[in-house]
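# Reading the structure
Residues per chain are reported as follows:
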Amino acid sequence: MVVNQQIAFQFPNEITLHIKREDLIHPFISGNKFRKLKYNLLKAKEQKKTKLLTFGGAFSNHIAAVAYAGKENDFQTIGIIRGDELESQIFENPTLQFAQECGMKFKFVSRDVYNNKSNDFFIEKLINQYGDFYLIPEGGANSLAVKGCEEIITEEDSQFSHVCCSIGTGATISGLINASYLHQKIIGFTSLKGDFLSEDIRKFAVKSNWELISDYHFGGYGKINLDLVRFINNFFERTKIPLDPIYTGKMMFGIVDLIESGFFPNGSKILAIHTGGLQGIKGMNLYLKKKNLEQIKTQ
């Protein structure tokens, strides 16, 4: 396990950017997924559960992480997958193929049905079908996940004036907010359209020293363009740090753009959290290849 490795970059106006390599924690349960699952797995064992059930989309980092974590910790795993058309495409999908190889069983549902994932009646139907299980929400977003993400910030990180992360469900940034120091500003870069995440974050966050930036979603969740792909590839060529196109690539694009536009005060010390998610690059590259577009480099 490699934790807390930081890479530093110097910008004009005495602004420094450090990248915390949470993606190096584990080869398959990397970054914030490791943090989110840590206490959920302990709770499942405490409750003597033998099955984990969770939710995710076609290229979900969370689905892949839960599948491997289940294999590593002797849990059966069940994934409720958004999109019933994906059932015939498992072997065309690197994420689902990996999860299946780890032993995960799938239930593919339509997007309308998937929207009921928090509905008590829907959960009861799943219990009737699969028996007793430990339920992990989509993206692992619950209080135990937030507790795990609070451990990302260490005493060493008190030197930073700003801490940045990408946002999917809001659990990671909530943990960062709770663990942050009084002088710090926590900035989240949303990968989704809309401002509904603020309400989700307020359910868990105990401080108000945070801000969401929604200008770098590139059209919404899973959406990318050539500018983003080229930024990710240029960044990798210069630093040898891979970025995923759904979360960390958009965050880093946003951070650099905001530094160059004067958003951060002179002398700012910025810490960017690399939350992993690199397994999703394979699926995105398959899409880019079909479109005859430039692919994301990982080596």
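Up top you'll find the structure we're talking about.
To keep things clear, this report deals only with the structure shown in the data block. These numbers were taken from a predicted model, which means no experiment stands behind them.

What counts and how
- Residues numbered from 1 in each chain as written.
- Predicted model: local features only at pLDDT ≥ 70, side-chain atom pairs only at ≥ 80, totals over all residues.
- Heavy atoms only, no water.
- Salt bridge = Lys/Arg side-chain N within 4 Å of Asp/Glu carboxyl O.
- Buried < 20%, exposed > 50% of the residue type's maximum accessible area, 1.4 Å probe, protein only.
- Helix = DSSP H or I, 4+ residues; strand = E, 2+ residues; numbered from the N terminus.
- Pairing = 2+ DSSP bridges.
- Expected span 1.5 Å × (residues − 1).
- Polar contact = N/O pair within 3.5 Å; in protein donor to acceptor, adjacent residues only side chain to side chain.
- Axes fitted to C-alpha atoms, helices over the stretch in contact; angles between N-to-C directions.
- Parallel < 35°, antiparallel > 145°, perpendicular 65-115°, else oblique.
- Left-handed = near helix turned anticlockwise from the far one by under 90°.
- Contact = heavy atoms within 4.5 Å.
- Phe/Tyr/Trp six-rings, centres within 6.5 Å; stacked < 30°, edge-to-face > 60°.

## Details of the pattern of salt bridges
Applying the stated criterion across every chain, the model contains 13 salt bridges. Put simply, Arg82, Lys117 and Glu138 are held in one network by salt bridges that share partners.

## Here's the deal with the pairing of strand E10 (residues 269-273)
Among the five residues that make up E10, four are buried, leaving the element largely enclosed by the rest of the structure. By the bridge criterion, five bridges tie strand E2 (residues 15-20) to E10 in an arrangement that is parallel. Within the sheet, the bridge partner assigned to Ile19 lies in E10 and is Ala272. Bridge analysis of strand E7 (residues 162-167) against E10 gives three bridges, and the strand direction is parallel. Across the sheet, residue Cys164 finds its bridge partner in E10, namely Ala272.

## Section: helix H9 (residues 226-239)
End to end, H9 covers 20 Å across 14 residues, agreeing with the expected 20 Å (1.5 Å per residue, within 8%). Of all the residues in H9, the buried ones are Leu228, Val229, Phe231, Ile232, Asn233, Phe235, Phe236 and Thr239. Its side-chain oxygen at 3.1 Å from the backbone nitrogen of Asp227, Asn225 defines the N-terminal cap of H9.

## Some words on the packing of helix H2 (residues 61-72) against helix H3 (residues 94-101)
H3 packs onto H2 with a crossing angle of 15° between their chain directions and a minimal axis gap of 8 Å. In this view, H2 runs roughly parallel relative to H3, as classed from their interaxial angle. Crossing handedness for the pair H2 and H3: left-handed. Counting all contacts with H2, which are made through Ile63, Ala64, Ala67 and Tyr68, the residues of H3 involved are Thr95, Phe98 and Ala99.

## Focus on the side chain of Ser191
Relative to the assigned elements, Ser191 resides in the loop between strand E8 (185-190) and helix H8 (197-202). In this structure the side chain of Ser191 is engaged in a polar contact, spanning 2.9 Å, whose partner is the backbone oxygen of Ile167. Setting aside anything within four residues of it in sequence, one finds Ser191 in contact with Ile167, Gly168, His217, Gly220, Tyr221, Ile246, Tyr247 and Lys250.

## So, the packing of aromatic side chains
Two numbers describe a pair of aromatic rings. These are the distance of the centres and the angle of the planes. Following the criterion strictly, the structure yields 13 aromatic pairs and no others. An angle of 80° between the planes, with centres 6.2 Å apart, marks the rings of Phe55 and Tyr114 as edge-to-face. Of this pair, Phe55 sits in strand E3 (residues 51-56) while Tyr114 sits in helix H4 (residues 111-114), and the two are 59 residues apart along the sequence. Classification of Phe55 by relative accessible area gives buried; the value is 2%. Taken together, the ring pairs in this structure connect Phe9, Phe189, Tyr216, Phe218, Phe231, Phe235 and Phe253 into an aromatic cluster.

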